[in-house]
Amino acid sequence: MTVALLGTGIMGAAMARNLLAADLDLRAWNRTRAKAEAVDGLKVADTPAEAAEGADVIITMLNDGAAVRQAMEQAAPGLRDGQIWAQMSTVGLASLDGLVEIADRHGLVFVDAPVQGSRQPAEQGRLIVLASGPDGAREPLRPVFDAVGKETLWLGPAGAGSRLKLVTNTWALTLISGIGEALALAKALDVDPRAFRDVVGAGPMNSAMLQQKAAAIVDGDFAPTFTVTNAEKDTRLIGEAGLSAGVRMDVIEAARERFRRAALAGHGEEDMAAGYFASFS
């Protein structure tokens, strides 16, 4: 199986290493070529079309719907009828119709398959793939999804994966915002943050994310697993989805404002835990 990967950022590069470890014939393209070249053993294409030409499966792992659409439009000369397109980026709902239109125009089999997880699960090949699309694509995609994830959930027609991803991200981004606010208040009130972690850790409010992100904030370690900028983008996508469905997303809108302020304060490319700094700006 030949796989083309469009996008080798934090997530895409980790996925590339696992696809190579699974002995899949992989070539990739990235707008910043050096990021793709940093993956040992990866065949790097000059253009999306060069990467896509002759591939059985095309994976897009890019920042947003606009970036995915642009890459696939550039890939057009290399596309052929019957190729499977696994769209694994988080693009929200508003972009999906345009991506499906590209797939239909070029005769591609479109699978909407965003992933749940950040850099560490991606590096470990333990993402959760939220797949949705034609039943006939399941078996061809099995070696691809098995290489990058610990579990694949097939959820129905294309679009179901993106809808679930927005719901799960709502919880994750709400939690990370709450952690930042709690620790900011602890600092302001001269409360030992270790006491906060110990109390929460001893009861049902505990979670792995709470402990990991609280430790990052306390230690000042904001090496990105998922950036503030991307968190702000995802809160926007969630808010748009809620608006279109008639659901008020008050907490997510507040989280979006926190991430926006943190980015304006210079923390945009740091880990989303750096939303903590919004409490002081």
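Worth saying up front: this structure is predicted, and the values here are computed from it rather than measured.

S.K.: Would you mind going over the sheet that holds strand S6 (residues 109-112) with me for this structure?
M.R.: Within a beta sheet, neighbouring strands are joined by backbone hydrogen bonds and run either parallel or antiparallel to one another. Pairing is parallel across the open sheet formed by six strands, whose spatial order is S3-S2-S1-S4-S5-S6. Of all strands in the sheet, those with a lone pairing partner are strand S3 (43-44) and S6, marking the two edges. Of the strand pairs in this sheet, strand S1 (residues 2-6) and strand S4 (residues 57-60) are connected by four bridges, and their pairing is parallel. Within S4, the position partnered with Val3 by the bridge is Val57. Packing of helix H5 (residues 96-106) onto the sheet brings it into contact with strand S5 (84-87) and S6, and relative to S6 it is tilted by some 155°.

S.K.: I would appreciate a short explanation of helix H11 (residues 228-245) in the present structure.
M.R.: Since the α-helix advances by 3.6 residues per turn, residues separated by three or four positions end up pointing in the same direction. The end-to-end C-alpha separation of H11 is 26 Å, in line with the 26 Å expected for 18 residues at 1.5 Å each. All buried positions along H11 are accounted for by Val228, Asn230, Ala231, Glu232, Lys233, Asp234, Thr235, Leu237, Ile238, Gly239, Ala241 and Gly242. Taken together, the buried residues of H11 touch helix H8 (160-188) and helix H12 (250-267). The first or second residue beyond H11 is Gly246, which carries a positive phi of 75°.

S.K.: Honestly, empty space enclosed by the protein in this entry has me stumped. Any pointers?
M.R.: The gaps left among the atoms become clear once a water-sized probe is rolled over them. Applying the stated criterion to the full structure yields one cavity of 30 Å³ or more. Put simply, the largest cavity is a space of about 50 Å³. Lining the largest cavity are Ile176, Ser177, Gly180, Ala255, Arg258, Phe259, Met272, Ala273, Gly275 and Tyr276. Contributing elements (two or more residues each) for the lining of the largest cavity: H8 and H12.

S.K.: Just checking my understanding: could you explain the environment of Thr152 for this structure?
M.R.: Within the secondary structure, Thr152 is located in strand S9 (residues 149-154). Taking relative accessible area as the criterion, Thr152 reaches 24% and is therefore assigned partly exposed.

S.K.: Help me understand the sheet that holds strand S7 (residues 115-116), please; the structure alone is not making it clear to me.
M.R.: The strand order across the open sheet formed by three strands is S7-S8-S9, and the pairing between neighbours is mixed. Looking at the sheet topology across the chains shown, the edges are occupied by S7 and S9. With five bridges joining them, strand S8 (residues 127-131) and S9 adopt parallel strand pairing. Opposite Val129, over in S9, you have Thr152 as the bridge partner.

S.K.: How do you make sense of the nonpolar core when you look at a structure like this?
M.R.: Leu19, Leu42, Ile59, Met88, Val129, Leu141 and Phe145 are the most contacted members of the largest nonpolar core, which has 34 residues in total. Breaking this core down by element, the ones donating at least two residues are S1, helix H1 (10-21), strand S2 (25-29), S4, S5, S8 and helix H7 (138-148). Counting residues per element, this core draws most heavily on H1, which supplies six residues. When sequence neighbours within four positions are dropped, the list of residues in contact with Leu141 reads Val57, Ile84, Ala86, Val111 and Trp154. Counting residues in each nonpolar core, the second largest holds 26 residues, with Leu210, Val228, Met272 and Ala278 among its members.

S.K.: Looking at this structure, how should I read the packing of aromatic side chains?
M.R.: Aromatic ring pairs are defined here through the distance separating the ring centres and the angle between the ring planes. Under the criterion given, the structure shown has five aromatic pairs. Centroid distance Trp85 to Phe110: 5.0 Å. Interplanar angle 80°. Geometry classified as edge-to-face. Taken together, the positions of Trp85 in strand S5 and Phe110 in strand S6 put the pair 25 residues apart, joining distant regions of the chain. As far as the burial class goes, Trp85 and Phe110 line up, both buried. Seen from their ring centres, Phe145 and Trp154 are 6.1 Å apart, and the 45° between their planes marks the pair as tilted.

S.K.: I would appreciate a short explanation of the side chain of Thr2 in the present structure.
M.R.: Position of Thr2 relative to the elements: it lies in strand S1. Among the residues examined, Thr2 registers a relative accessible area of 14% and is labelled buried. A distance of 3.2 Å separates the side chain of Thr2 from the side chain of Asp25, its partner in a polar contact. For Thr2, the contacting residues outside a window of four places in its chain are Asp25, Arg27, Gly54, Ala55, Asp56 and Val57.

Rules behind the numbers
- Residues numbered from 1 in each chain as written.
- Predicted model: local features only at pLDDT ≥ 70, side-chain atom pairs only at ≥ 80, totals over all residues.
- Heavy atoms only, no water.
- Pairing = 2+ DSSP bridges.
- Helix = DSSP H or I, 4+ residues; strand = E, 2+ residues; numbered from the N terminus.
- Contact = heavy atoms within 4.5 Å.
- Axes fitted to C-alpha atoms, helices over the stretch in contact; angles between N-to-C directions.
- Expected span 1.5 Å × (residues − 1).
- Buried < 20%, exposed > 50% of the residue type's maximum accessible area, 1.4 Å probe, protein only.
- 1 Å grid on protein atoms, 1.4 Å probe; cavity = no way out; pocket = protein on both sides within 12 Å on 5 of 7 lines; lining within 4 Å.
- Points joined across faces, edges and corners; volume = space filled by probe spheres on them.
- Core = buried A, V, L, I, M, F, W, Y, C linked by side-chain atoms within 4.5 Å.
- Phe/Tyr/Trp six-rings, centres within 6.5 Å; stacked < 30°, edge-to-face > 60°.
- Polar contact = N/O pair within 3.5 Å; in protein donor to acceptor, adjacent residues only side chain to side chain.

It is worth stressing that arrangement in space is one thing and function is another; only the former is reported here.
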